[in-house]
Every structure is written in structure tokens, then in C-alpha cells.
Amino acid sequence: MPFVSNPTPFAETQPTVPLYQEIPSFLQASYGAPSFGPPYGTTHLLGDWGGIQPWLQKRGLYFALNVYEDIAGNVSGGKRQAYSAAGQVGSTLDVDWQKLLHASSWSNDFWLHMLVVNGHGTNLSRLYGDNSNQVQQIYGGRGNVVAHLVWSYFEKAWLQRKIDLAVGWIPPGAFFQNSPWVCNFMNVWLCGGESPTKFMTGGRGWPSGNIGTILRVMPTRQFYLMGGLFAVSPHAYNGGISGWSWGQDNLGKLATHFEAGWIPQFGPHHLIGHYKVGIMYDNSRYNDLYEDIHGAPWVLSGLPARKQSGQTSVWVMADQMLVRHGPGEMNGLIWGGYFGWGSGKTSQISHSFTTVLMDTGALWKRPLDSVGIAFLWSKFSRSAILSQEAAAAGNLPLPGGNYGLPYGIQGHEAIYEAYYGFHVMEGFTIKPDFQYVNHVGGTTVFKDAVILSTAVNIAF
């Protein structure tokens, strides 16, 4: 199988094969959800564990451990200079029921998937005054917990994998509005699902999950349709801080996702592209960020906020290989881009735009290294800004929303990022990263911040 560089958020170099040959669903493919374990990844620092891995895999049990640690600091700008260390220890278990049970045809392409992570460390963005963004890939919705459940679901495919169904605890952003390159970058506006959709209750991305189901239909190798239905949690953490509390109260509303994708290949070198468009609609009721029940600013009137029925987001994503440097879907010079929109009356950020350029180190004889640059831009919604201006005029604390409390009146925030991933040895990578944060937290209260970080990833 061809080798590709960094198709996962854990900087693991792993073999992949084309999407249409893959099971389970999008997870095993390079164009899929983030995971690091077999059967998705097969590079391990400790090899086959003295024969244990082959013994398990013959019985349909795929198990992996991964350690990821990131040290980051803002060398200038922000509220104050600070540094932090954040990381996680993760484990995956994937069960091929046909191999495990030696059952009849009903068990063909029938899987169980589980991913549990331990999150630890401190949040650098909060330390230097940015409550709207995360510059550390690994610090987010899991918090500091011993064992956070990311996903646990069954998956079944039919008709030579043209139809695929997943049911259980699933991060919507791991399947929808996701691409293999987004977690090559450190910034959380990209990694684990994109802004603003992943910050909405009905579309939360990795590592937050929702109870739900996803149906994918892929009639040809170049085209797919995918739909999902998820129970909406009104809480700050889906499943609680640990992800295991599936039976939270007030789960009466639903979020519907739909996405269509085209995967062409151009020219004699098979320059692959991935193009997708999608929409999410959540039928829950959310507080208006500005208007009260009479249309006046609730931050001044003290009356209850007006309830908005439904929350919508749409996205367009694309990436295209421009020059091929080797086999595989990620081996070459690749351009990528993303645009997302969310309901500005209920989402603190209404528009997001990203463009990226990535390559491997093949030109300088380092084909398993990777390099990339990105520009990320997000605009805060008009409703959020009006509410903050009203509060400032009344000498009241500034209100926030789903992106946290601001230090000043917000407008937009932009991130410039560059990384280089060193493939040290099998299952071991080091990735230095640079980020320049313009308008920290979407305001001009603090000077622009310069962030330097280094992430170490070990796949056992």
C-alpha cells in the first residue's frame, strides 16, 4: 500500500488505500475521521509487540496506544507571556466481528469502534487572553480527565461497501466537514472539524460526541452522499466532561447533517481532489445573542433573550493535488480551502475562511516529512457585536457566547500558521509549529501574539 504523510491529527505516517476500497466507512481511508490505531494506522514504534499484534488481528481485534505531547508558548503579544504543556494518551479498539465470531455472511463488514483518550495540561490560549480560539491542537473539549470517550459505535456495510451505516456515540465533525489535512495544523479552528459548525451544539467535532447515526451511499468511486441524525445535548460538554454520560437530560431535539462529495483524479499522474458541500440544521431553540423578547438589547433591558427556532450552518471544502511526489492521496503538493457560515443570531462567529498549502519532504529526500502553511480568518457575528457595544455603552460586562467571553468588542480574528513534521523513525514524529495571531480573541485590546510550539507523537 502507498505511504502518505500525516493523514491523521497525531502526525502519524501510515499506509492508506483509496476511499472506495475502504472499510470501515471513512475511518480507514486517508480522507476520513481522525484515528491512529489499526486497522487505520499500522506504524508502531514497538513493531508487532513481539507477535501480540498479529495474534490479535487474526482474531479481529485491532488495538493501538498513542502518546501526544505539545509544549507551546507565546513569545510576544497577548495579555501576558506564558507557556504550557498539554497532551493526551489515547487508545483505540476496533473489532471485526466476522473474524472474531467466524459467523455467517451477516457479519461481513460489521465492526465496533472505540476511542478513549486521557487529556492533561493547561490551556495556553486562555493564559494569553484568547477565549475564542485554541492554538494547541490537543487541548479542547475533553478537559483534564482520566478517560474521555471520543466515540463508540457499530458500523455495517453492504453491496461491496457502497452503502455504510454507523450507529452509536459519534462526533459529527469527525465525519462531516472534515478532511485528512485539517489536523496537520495545530489550530483548533481547523482540527477535529471546522469553525463555526464544530462549536455549535448540534455539530460538535472531535473529541465531543453525540448519540446518532450516519448513512453513507457511494454509488461510484468518485461520488458519495452522506446524511446523519444526532440527538442534541444542551450542555457545555456532550456526555459530560468524560463523554460517558449519554443519558443527559433535555435531549429532545435533533440535528440533521447532509453532505455531498466528489473525488476526481486529473491527468496521467492521477492528481486527486476532494470537493464537498454540506449543511446542518438543528431544530433546538437558542437564545438570541442581542434581542430580548421585544427586540431590544437584553443586556440592557434585563428581559429574557428572544428564542430563535433552529440553528443552521453550511460549509464548502476543497483540496486538490497540484504536483504528485509519490503514490497515495497525500503524497504531493496540495492546495486546500474551506468556507463555513453559521447562524449569526445564535453563533458568536458567523463566517470562517481557510486556505492551506501542503507538501511532503520528497524534494529534499525526506518523503515521510511534511510541511504546510495556512491562513485562517473568522468574523464575529453582527448580533454578538451589537450586544457587546450595548454593554460597553452601559458600562456593563461584555457578554459572550459559544466562543467564550471577550476582553473587548469583537470584530474578526486571523491566524497565520506554518509547520514542519519530522519523521524520526517508525511511529515517532516531531512537529515544530509557528502561529501568528492577529486580533487576539477577535479584539484589539492586546497586541498580536506569536506562538511557538513543538509536538511529539509516539504511536506504540
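Remarks on the overall build of the protein
The helix and strand inventory of the protein stands at 6 helices and 19 strands. For the protein, the proportion of its 460 residues judged to be buried stands at 59%. The contacts in the protein between residues at least 6 apart in sequence include a share of 66% that link residues at least 24 apart. When the accessible area of the protein is evaluated, it comes to approximately 17,300 Å², of which 66% is carbon and sulfur surface.

As for the pattern of salt bridges
Under the counting rule described, the total for this entry stands at 3 salt bridges. The residue lysine 276 makes a salt bridge to glutamate 259 at a minimum N-O spacing of 3.2 Å. Here lysine 276, found in strand β12 (residues 271–292), pairs with glutamate 259, found in strand β10 (residues 254–262); they are 17 residues apart in sequence, far enough to count as distant. For glutamate 259, a relative accessible area of 0% puts it in the buried group. Its salt-bridge partner being arginine 366, residue aspartate 369 comes within 2.7 Å of it at the nearest N-O pair.

Comments concerning the pairing of strand β19 (residues 449–459)
Where burial is concerned, most of β19 is hidden: 8 out of the 11 residues are buried. Bridge count for strand β18 (residues 428–438) against β19 is 10 bridges, and the pairing is antiparallel. Paired with phenylalanine 428 across the strands is isoleucine 458, a residue of β19.

Points about unusual backbone geometry
Going from serine 195 to proline 196, the amide bond is cis rather than trans, its omega being 0°. Its location among the elements puts proline 196 in the loop between α4 (172–175) and β8 (210–220). A positive phi angle, close to 50°, is found at histidine 102, a residue other than glycine. Among the secondary structure elements, histidine 102 is positioned in the loop between α2 (97–101) and β5 (110–121). Classification of histidine 102 as exposed rests on a relative accessible area of 65%.

Description of the side chain of lysine 198
Mapping lysine 198 onto the fold places it in the loop between α4 and β8. Side-chain polar atoms of lysine 198 contact the backbone oxygen of valine 188, separated by 3.0 Å. Those residues in contact with lysine 198 that sit more than four places away from it in its chain are Gln177, Val188, Cys191, Gly192, Gly193, Gly203, Arg204 and Gly205.

Details of the confidence of the model for the protein
When the pLDDT values of the protein are averaged, the result is 83; 87% of them are 70 or greater. The spread of mean pLDDT over the elements of the protein runs between strand β1 (residues 3–4), the lowest at 38, and helix α6 (residues 382–393), the highest at 96.

Observations regarding the environment of glutamate 417
Here glutamate 417 is to be found in strand β17 (residues 412–425). Owing to a relative accessible area of 3%, glutamate 417 belongs among the buried residues under this scheme. For glutamate 417 and phenylalanine 375, which are 42 residues apart along the polypeptide, the C-alpha to C-alpha distance reads 6.5 Å. Those residues within four positions of glutamate 417 in sequence are excluded, and the remaining contacts are Phe185, Met186, Asn187, Gly372, Ile373, Ala374, Asp433, Phe434 and Gln435. There is a polar contact of 3.5 Å between the side chain of glutamate 417 and the backbone nitrogen of asparagine 187.

Quick word on the environment of tryptophan 189
With respect to the helices, strands and loops of the structure, tryptophan 189 is situated in the loop between α4 and β8. Through-space distance from the C-alpha of tryptophan 189 to that of phenylalanine 353 is 10.0 Å; in sequence the pair is 164 residues apart. Setting aside its immediate chain neighbours within four residues, tryptophan 189 contacts Ser132, Asn133, Glu194, Ser195, Phe199, Ile349, Leu376, Ser378, Tyr403, Glu413 and Ile415. A distance of 3.1 Å separates a polar side-chain atom of tryptophan 189 from the backbone oxygen of serine 132.

Focus: the state of the cysteines
All told, the structure shown has 1 disulfide when counted by the stated rule. The disulfide partner of cysteine 183 is cysteine 191, and the gap between their sulfur atoms is 2.0 Å. Linking cysteine 183 and cysteine 191, the disulfide has an S-S dihedral of approximately 105° and is accordingly described as right-handed.

Here's the deal with the pairing of β18
Examined bridge by bridge, β17 and β18 share 9 bridges and lie antiparallel to one another. What sits directly across from tyrosine 419, in β18, is aspartate 433. Between the antiparallel neighbours β17 and β18 lie 2 residues, among them glycine 427 with a positive phi of about 80°.

Some points on the packing of aromatic side chains
Across all of its chains, the model carries 17 aromatic pairs by this definition. Residues tyrosine 420 and phenylalanine 422 carry aromatic rings whose centres are separated by 4.5 Å and whose planes lie at 55° to one another, so their mutual orientation is tilted. The partly exposed category is assigned to phenylalanine 422, whose relative accessible area is 36%. One aromatic cluster is present, formed by Trp97, Trp106, Phe110 and Phe154 through successive ring pairs. Lying over the aromatic face of tyrosine 419, lysine 431 brings its terminal NZ or CZ to 4.5 Å of the ring centre.

A closer look at the side chain of asparagine 133
You can see asparagine 133 is positioned in the loop between α3 (124–127) and β6 (145–158). Not counting the four nearest positions on each side in its chain, asparagine 133 is found in contact with Ser125, Arg126, Asn187, Trp189, Glu413 and Ile415.

Examining the environment of asparagine 118
Structurally, the position occupied by asparagine 118 is in strand β5. Through-space distance from the C-alpha of asparagine 118 to that of leucine 149 is 9.0 Å; in sequence the pair is 31 residues apart. When sequence neighbours within four positions are dropped, the list of residues in contact with asparagine 118 reads Gly87, Gln88, Val89, Val145 and Val146. Looking at asparagine 118, its side chain comes within polar contact range of the side chain of histidine 120, at 2.9 Å.

What counts and what doesn't
Residues numbered from 1 in each chain as written. Predicted model: local features only at pLDDT ≥ 70, side-chain atom pairs only at ≥ 80, totals over all residues. Heavy atoms only, no water. Helix = DSSP H or I, 4+ residues; strand = E, 2+ residues; numbered from the N terminus. Buried < 20%, exposed > 50% of the residue type's maximum accessible area, 1.4 Å probe, protein only. Contact = heavy atoms within 4.5 Å. Areas by Shrake-Rupley, 256 points an atom, 1.4 Å probe, with all protein chains shown as cover. Salt bridge = Lys/Arg side-chain N within 4 Å of Asp/Glu carboxyl O. Pairing = 2+ DSSP bridges. Polar contact = N/O pair within 3.5 Å; in protein donor to acceptor, adjacent residues only side chain to side chain. pLDDT = per-residue confidence, 0-100. Disulfide = S-S within 2.5 Å. Phe/Tyr/Trp six-rings, centres within 6.5 Å; stacked < 30°, edge-to-face > 60°. Lys NZ or Arg CZ within 6 Å of the ring centre and 35° of its normal.

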